[in-house]
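Listed here are the chains, written in short residue letters.
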Amino acid sequence: MIDRAPDGPQPPRGLAHWVDRHGRWLIILPPLLFLLVFFLIPFGFALKISFAEAALRIPPFSDVVSVSPDHKLHVVLSLANYKYLLTDEVYAVSYLYSIRTAFFSTLLCLLIGYPMAYAMARSSKAMQGILMLIIILPFWTSFLLRVYALEGIIRDQGLLNTVLLWLGVIKEPLKIMRTTFAVYLGIVYSYLPFMVLPLYATLEKLDQTLLEAASDLGSRPWQAFIDVTLPLSMPGIIAGSMLVFIPAVGEYVIPALLGGPDNLMIGRVLWDEFFSNHDWPVAAAVAIAFLVLLAGPIALHQHYRVRQLEH
Amino acid sequence: MERRPSPLLLTLLCLGIAFLYLPMVVLIAYSFNASALASVWGGFSTHWYVELAHNRQILGAAGLSLEVAALASTGALVLGTLAAIALVRFTRFRGRLLLSGMVNAPLVMPEIITGITQLLLFVSMLQLIGWPSRGLTTIIIAHVAFCSAYVTITVQSRLASADRSLEEAAMDLGATPFQAFVDVTLPIIAPALVSSWLLSFTLSLDDLVISSFVSGPRSSTLPMVIYSKVKLGVSPDINALASLIITIVGVCVLIAGVLVRRAERQRLADNALAAG
């Protein structure tokens, strides 16, 4: 301190110096470690337990790694659970059924959501703010309660049937509950905001002069839409579709409340395996296999999100 | 080109919004139905609300859920904001890709997978180190994990658009980086912090699937109690409860929306003033 040049920068020392050099790790490490331990590492445990066997004890599965009294490490990997997934056809059937259900619901969401997002993007700025709030509001409201509210409309004695019977359009109540259609309706109803918001975000940024140029060059409005707007809104279409498709594949509440016994989605199978059959290793294997199948769509979603953030 | 939606588009938008809101409006209307039969209108009554106020099981679960939501959203706010700062301000560090992946993944990960893997972790941890036993703690940890992702996404975009030169100016005037961040940037990202805390709170309050997996025998959250009743069919006191929750959340979101917009306008006006 004594021989320091009077106007030179004071070299930081001690704790202050350490914080200065490594301070950013104080910011990075807490979330990094937390998510590592409580989000990523759990997948490792699930993988490990998927190689175990169900056992009558607490927790209900055998040890994969154990140390015998003579200090030898034993690793017992059982592939029985995965073999079981391949042999019992309920798993393959429910995987395919979930993917089909999610696909058609996503398509319906897109068909309903695109015009909504387009109309929003073309409204005045003040109106856009209000419409945003209207679309976001259901997303904040309880998902479970919204599915329950939908049930009130489509039940056999629900509002829809009451009104249609009263109008004389139908003679007997429509059977909507416990059908595949009810599951589609539930997914579209619950996830529509997830489709509309990313679509709106891309459509709102769309350069209007491109459409003007197309119309100056003789394009009809719908042609300009197909040639200009639709391709340019592709990032929004993909983002919105992934946000609907991925959670819809794993949906549990909607098929359980609105669907019938035939609507065997993989989320429901997983739930039953766990809570009714208490077969944790098989449930872990189903989850791991499910995750592997979802890796593609999840990677696609991540790819577009990162690109979006960089622009 | 005119910036007005065509009548057809406008009609589709209105129909879409009606589709989103009609079931909730009908639910609220029916919660005042005196008849226990959902199909019959037995006159206006607040009977089910009175019934609800005496239901100890629901009140207990509601208390537990509020406690979980308050703690989990606060934890998620801290961790999620730190992650957002790390991702926006530090462009290069070991583990950046990992952190950004882990922040984005919970947004699309099916809840049932997150729930099952977290349960298996908690059970294995309990076996290995004797902590945590399933209950309040494990529910809060699980909720912090998925809520912090939403916090990071919200704060990240806000932080990325914040003007860094203001912070640099503060540091030129003698502020430490920490002071500059607290005094200059924190007020700018405050609306994002408020809205992400609220979002975490409602997400936590609403979670059924993950909570069902990681909860213990005596810790049923409100959605778990609601689900077990709803599975058996329509129940009038759940109608009343649902109407209350939907109304409270709706009013809170509206107020928050108006406040955030006002703060935003104020900030834009301030910026314009500073620039002029």
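As the structure is a prediction and not an experimental result, all values here were calculated from the model. (Residues numbered from 1 in each chain as written. Chains lettered and ligands numbered in written order. Predicted model: local features only at pLDDT ≥ 70, side-chain atom pairs only at ≥ 80, totals over all residues.)

Let us now look at the overall build of chain B. A count of helical and extended segments in chain B gives eleven helices and zero strands. When the elements of chain B are put in sequence order from the N terminus, they spell out α-α-α-α-α-α-α-α-α-α-α. Principal-axis analysis of the C-alpha atoms gives chain B an extent of 70 × 65 × 35 Å. Counting all 276 residues of chain B, 43% fall into the buried class. Residue pairs at least 24 apart in sequence account for 74% of intrachain contacts in chain B once pairs closer than 6 positions are excluded. (Helix = DSSP H or I, 4+ residues; strand = E, 2+ residues; numbered from the N terminus. Buried ≥ 20, exposed ≤ 12 C-beta atoms within 10 Å, placed from the backbone. Contact = placed C-beta atoms within 7 Å.)

Before going further, it helps to spend a moment on the interface of chain B and chain A. With 66 residues of chain B at the interface, the matching set in chain A holds 72 residues. For the side of chain B that touches chain A, the secondary structure elements donating two or more residues are helix 1 (7–30), helix 3 (56–89), helix 4 (96–108), helix 5 (111–129), helix 6 (136–161), helix 8 (177–206), helix 10 (222–230) and helix 11 (236–275) of chain B. At 13 residues, the largest contribution of residues to the side of chain B that touches chain A is made by helix 1 of chain B. A class-by-class count of the residues in the side of chain B that touches chain A yields 47 nonpolar, 13 polar and six charged. (Nonpolar A, V, L, I, M, F, W, Y, C, P; charged D, E, K, R; others polar.)

The omega torsion of the bond from W131 of chain B to P132 of chain B falls at -5 degrees, within 30 degrees of zero and hence cis. Within the fold, P132 of chain B resides in the loop between helix 5 and helix 6. Even without being a glycine, H71 of chain A presents a positive backbone phi close to 55 degrees. Relative to the helices and strands, H71 of chain A is located in the loop between strand 1 (65–67) and strand 2 (73–75). Judged by C-beta crowding, with 6 C-beta atoms within 10 Å, H71 of chain A ranks as exposed.

A few words on the nonpolar core. Counting residues in each nonpolar core, the largest one holds 157 residues, and the members touching the most others are L270, A284, V286 and A287 of chain A together with I116 of chain B. Counting contributing residues, this core receives three or more from each of domain 1 (14–75) and domain 2 (80–148 + 187–310) of chain A. When near neighbours in sequence (up to four residues on either side) are disregarded, A287 of chain A contacts A46 and L270 of chain A together with I113, I116 and T117 of chain B. (Core = buried A, V, L, I, M, F, W, Y, C linked by C-beta atoms within 7 Å. Domains from an automatic or database assignment.)

Quick look at the environment of I248 of chain B now. On the secondary structure map, I248 of chain B appears in helix 11. Residue I248 of chain B is classed as exposed on the basis of its C-beta count, with 11 C-beta atoms lying within 10 Å.

All names here are of chain B. Running from N to C, helix 4 and helix 6 cross one another at 110 degrees; their axes reach a closest spacing of 8 Å. When the axes of helix 4 and helix 6 are compared, the pair comes out roughly perpendicular. On helix 6, the residues touching V103, P106 and L107 of helix 4 are A145, F146, A149, T152 and I153. (Axes fitted to C-alpha atoms, helices over the stretch in contact; angles between N-to-C directions. Parallel < 35°, antiparallel > 145°, perpendicular 65-115°, else oblique.)

Take the confidence of the model for chain B next. On average, residues of chain B score 89 in pLDDT, and 98% of them reach the 70 mark or higher. What the predictor reports for the complex is a pTM of 0.89 with an ipTM of 0.89. (pLDDT = per-residue confidence, 0-100.)

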